[in-house]
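The chain contents come next:
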Amino acid sequence: MAERNRRQRRRRSRGRGRQAATPTWATIGDALGVFAKWKKGTQSEGHIRSLHWYTAARLVVEGGFRPEFITPRPPFTVDDARGKPKLVYDTAAAKPGEDTVFGGLKTKDVDVVVALPRIGPVVAVSMKGSLNAFRNLTNRMEEAAGDCTNIHLAYPGLVYAFWHIFRANTAGRAPENTPRIFELTSAGHFKTADLAIRSTGELTSFLSRYMLAMSRLSGRGDMRADPSSYEAVGITLVSVAPDSLGTVLQTHPAADSPLRYEKMFSRIYAQYDLRFVYQSPALKKLSRRLVWSDESPALAQLPQLDYQPRVAVAEPADEEAE
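Quantities reported herein were computed from a predicted structural model and do not represent experimental measurements.

Student: Would you mind going over the packing of helix α2 (residues 28-37) against helix α3 (residues 49-61) in detail, with residue names and values included?
Tutor: Two elements in contact, α2 and α3, have axes whose closest approach is 8 Å; the angle formed by their N-to-C orientations is 165°. Between α2 and α3, the angle falls in the class roughly antiparallel. The chirality of how α2 crosses α3 is left-handed. Residue-level inspection shows Ile-28, Ala-31, Leu-32 and Val-34 of α2 in contact with α3, the latter providing Ser-50, Leu-51 and Tyr-54.

Student: Run through the packing of aromatic side chains, naming residues and quoting values.
Tutor: This model, assessed by the stated rule, comprises 13 aromatic pairs. Here Tyr-160 and Tyr-230 contribute two aromatic rings whose centre-to-centre distance is 5.1 Å and whose plane-to-plane angle is 55°, an arrangement assigned as tilted. Residue Tyr-160 is located in strand β8 (residues 159-167), and its partner Tyr-230 is located in the loop between α5 (205-216) and β9 (232-238); the two are separated by 70 residues in the primary sequence. Of the two residues examined, Tyr-160 and Tyr-230, each falls in the buried class. Taken together, a centroid distance of 5.4 Å and an interplanar angle of 15° make the contact between Trp-163 and Tyr-261 stacked. Highlighted residues: Trp-163 in strand β8 and Tyr-261 in helix α6 (residues 261-278), separated in sequence by 98 residues. With a relative accessible area of 6%, Tyr-261 lands in the buried category. One aromatic cluster is present, formed by Tyr-54, Trp-163, Tyr-261, Phe-265 and Tyr-307 through successive ring pairs. One cation-aromatic arrangement involves Arg-58 over Phe-265; the distance from NZ or CZ to the ring centre is 4.2 Å. The aromatic ring of Phe-162 is capped on one face by Arg-140, whose charged end is 4.3 Å from the ring centroid.

Student: Which residues make up the environment of Ser-287, and what values do they have?
Tutor: Locating Ser-287 in the fold gives a position in helix α7 (residues 284-287). In this structure, Ser-287 is in contact with Leu-116, Tyr-272, Phe-276 and Val-277, ignoring residues within four places of it in sequence.

Student: Describe the side chain of Ser-296, and please don't skip the residues or the numbers.
Tutor: Here Ser-296 shows up in the segment after α7. Exposure remark for Ser-296: the relative accessible area of 3% places this residue in the buried category. For Ser-296, the side chain forms a polar contact with the main-chain nitrogen of Leu-87, separated by 2.9 Å. Within the structure, Ser-296 has its side chain in polar contact with the backbone oxygen of Ser-293 (distance 2.7 Å).

Rules of the game
- Residues numbered from 1 in each chain as written.
- Predicted model: local features only at pLDDT ≥ 70, side-chain atom pairs only at ≥ 80, totals over all residues.
- Heavy atoms only, no water.
- Axes fitted to C-alpha atoms, helices over the stretch in contact; angles between N-to-C directions.
- Helix = DSSP H or I, 4+ residues; strand = E, 2+ residues; numbered from the N terminus.
- Parallel < 35°, antiparallel > 145°, perpendicular 65-115°, else oblique.
- Left-handed = near helix turned anticlockwise from the far one by under 90°.
- Contact = heavy atoms within 4.5 Å.
- Phe/Tyr/Trp six-rings, centres within 6.5 Å; stacked < 30°, edge-to-face > 60°.
- Buried < 20%, exposed > 50% of the residue type's maximum accessible area, 1.4 Å probe, protein only.
- Lys NZ or Arg CZ within 6 Å of the ring centre and 35° of its normal.
- Polar contact = N/O pair within 3.5 Å; in protein donor to acceptor, adjacent residues only side chain to side chain.

Here it is as structure tokens:
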């Protein structure tokens, strides 16, 4: 009975977070600004809810997925009336929430899911936002392999990505904007367990070990491969310095690291196309990612994006099945 009551409280908490989320076409700056300024706990996921919207919208604008196939439903509709599909920005069409995906051992609530009719879930992005207590990252390393295995046992072709966002707490005196959830030292410094960056600019051992482990649990390239890895992993550190609050820390991961969130999205698209488009020509009308007309009304309302919309992209020739 006690365990059931705890589950019910968690569901109500997640529901309040979903209803409070604003279904807007969030930019990365908007989303990370909310994360960096968050002053409450992480139980309701309110600190990364805007990143769910950012990801869902990016999968439409850059990825070419139809918005009605995505949960949470991003604020777009598609006008297919003439020629190339036109993307329309429509906040009334947005629907918050997360999707439940069957697993080989148990179901899992996933933050952002693309599911195609007649095929099922094809892309899933799980997200986590960590503000402090980085010493606990060992637990996440242990969970990751089981998480991937559970999902891939039921859906071996699913392109499964994980995006982890960290507050880049740096050694030294904590900024004045530091939330009260932090217990600082008597000198006003972050405690060692809450540090992401050393005074030298290097990662702490908590973060460096974690990034090494997650890089080894990333890069699954075939649906017949070991199910215990993600297809892609992104790790992003968010600056909390007053003059750069809410911006992506560019020094970690390194520019050539596969853990950069930009590369995570690129790999999602590449793996999806290999599995659901090029290898399945009979279903290409359903599975092919759309290319938006340059006359799309939504494109005239572009916010400051950190990616290129999928417009007038040359499509590679398909090899028809014999």
